[in-house]
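Report on the structure
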Amino acid sequence: MTERPVRRQARGLKRMAEILDAAELVIAEIGYPDMTTNHVAARAGLSPGSLYQFFRNKEEILDGLVVRYTDERQEFWAGRLAALTPEVPLEVLVGQLVDESVAFKSRAPAYWALLYGSATGDRLASAAARLHAAIAANVAVMLRRRSPELPQARALTLGTMAVAMVKAVMPLLPSSPDPDELVTELKIALTRYLAP
């Protein structure tokens, strides 16, 4: 008796994820201001009426994307940074973290379009600020595991600056004539900045 509702719920969650995937593609192509629910429905292979069963308007789609980006990324970074041991050389550690940020930028171009776009208002900006603060706190914990004598306040400052440096470079990559060079320079800057 309970199997059918659980299956329906799983199908509904899968459909919502597919709609958000479609919205990401539309936003990456034409931007959030020009996106309509009809665009998203067409990209998801749904009728507009079917889409409205899950999201009533584009603002609800944005809210779904905000939750997706902030929750998933916070969970990812918390786990990733907690798994790093003090024995990992700093250059390797920085390289892995920067490479993951660049890979995420490639996988989720809509995130960056929304983060740096003005049409999404303060909702994504405040969610992104919370996410980046949480990542900075996780970086601080990881730095203190590497150097237990490092004061907590200093570790948090280092984590905050490291996140800000990555965040500042990401929007430069698409228009750079040599994005790999920028990534290399970012790794060098972070490694030197975080070195004890």
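Before reading on, note that the structure itself is shown above.
Let me begin by describing the structure that accompanies this report.

Reading the values: rules and limits
- Residues numbered from 1 in each chain as written.
- Predicted model: local features only at pLDDT ≥ 70, side-chain atom pairs only at ≥ 80, totals over all residues.
- Heavy atoms only, no water.
- 1 Å grid on protein atoms, 1.4 Å probe; cavity = no way out; pocket = protein on both sides within 12 Å on 5 of 7 lines; lining within 4 Å.
- Points joined across faces, edges and corners; volume = space filled by probe spheres on them.
- Helix = DSSP H or I, 4+ residues; strand = E, 2+ residues; numbered from the N terminus.
- Nonpolar A, V, L, I, M, F, W, Y, C, P; charged D, E, K, R; others polar.
- Buried < 20%, exposed > 50% of the residue type's maximum accessible area, 1.4 Å probe, protein only.
- Contact = heavy atoms within 4.5 Å.
- Patch = residues over 30% accessible without salt bridge, like charges linked within 9 Å, V, L, I, M, F, W, Y side chains within 5 Å.
- Areas by Shrake-Rupley, 256 points an atom, 1.4 Å probe, with all protein chains shown as cover.
- Salt bridge = Lys/Arg side-chain N within 4 Å of Asp/Glu carboxyl O.
- Lys, Arg positive; Asp, Glu negative; His and termini not counted.
- Charge placed at Lys NZ, Arg CZ, Asp CG, Glu CD.
- Axes fitted to C-alpha atoms, helices over the stretch in contact; angles between N-to-C directions.
- Parallel < 35°, antiparallel > 145°, perpendicular 65-115°, else oblique.
- Left-handed = near helix turned anticlockwise from the far one by under 90°.

Focus on empty space enclosed by the protein
- Taken as a whole and judged by the stated rule, the model has one cavity of 30 Å³ or more.
- Size it by volume and the largest cavity reaches roughly 370 Å³.
- For the largest cavity, the lining is made up of 23 residues, of which Trp77, Ser101, Ile135, Val163 and Val166 are closest to its centre.
- With six residues, the single largest contributor to the lining of the largest cavity is helix α5 (residues 90-107).
- Here the residues of the lining of the largest cavity sort into 19 nonpolar, two polar and two charged.

Here's the deal with the side chain of Arg73
- Structurally, Arg73 is set in helix α4 (residues 58-83).
- A residue is classified by how much of its surface remains accessible, and Arg73, at 9% relative accessible area, is buried.
- Once residues within four sequence positions are removed from consideration, Arg73 is found in contact with Arg68, Glu100, Phe104, Arg107 and Leu131.

Concerning a negative patch on the surface
- Taken together, the side chains of Asp178, Asp180, Glu181 and Glu185 make up a negatively charged region of the molecular surface.
- One can find Asp180 in helix α9 (residues 179-194).

Looking at the layout of surface pockets
- Approximately 200 Å³ is the volume attributed to the largest pocket.
- Lining the largest pocket, in full, are Leu90, Leu143, Arg146, Ser147, Glu149, Leu150, Arg154, Leu158, Tyr193, Leu194, Ala195 and Pro196.
- Looking at the lining of the largest pocket residue by residue, the classes come out as eight nonpolar, one polar and three charged.

Details of the packing of α5 against α9
- It is the contact of α5 with α9, at a shortest axis distance of 9 Å, that shows an interaxial angle of 135°. Judged on the interaxial angle alone, α9 and α5 are oblique. α9 is crossed by α5, and the crossing has right-handed handedness. Residues Leu90, Glu91, Val94, Gly95, Val98, Asp99 and Val102 of α5 form the contact with α9, whose own contacting residues are Val183, Leu186, Lys187, Leu190, Thr191 and Leu194.

This is a description of form; function is not addressed.
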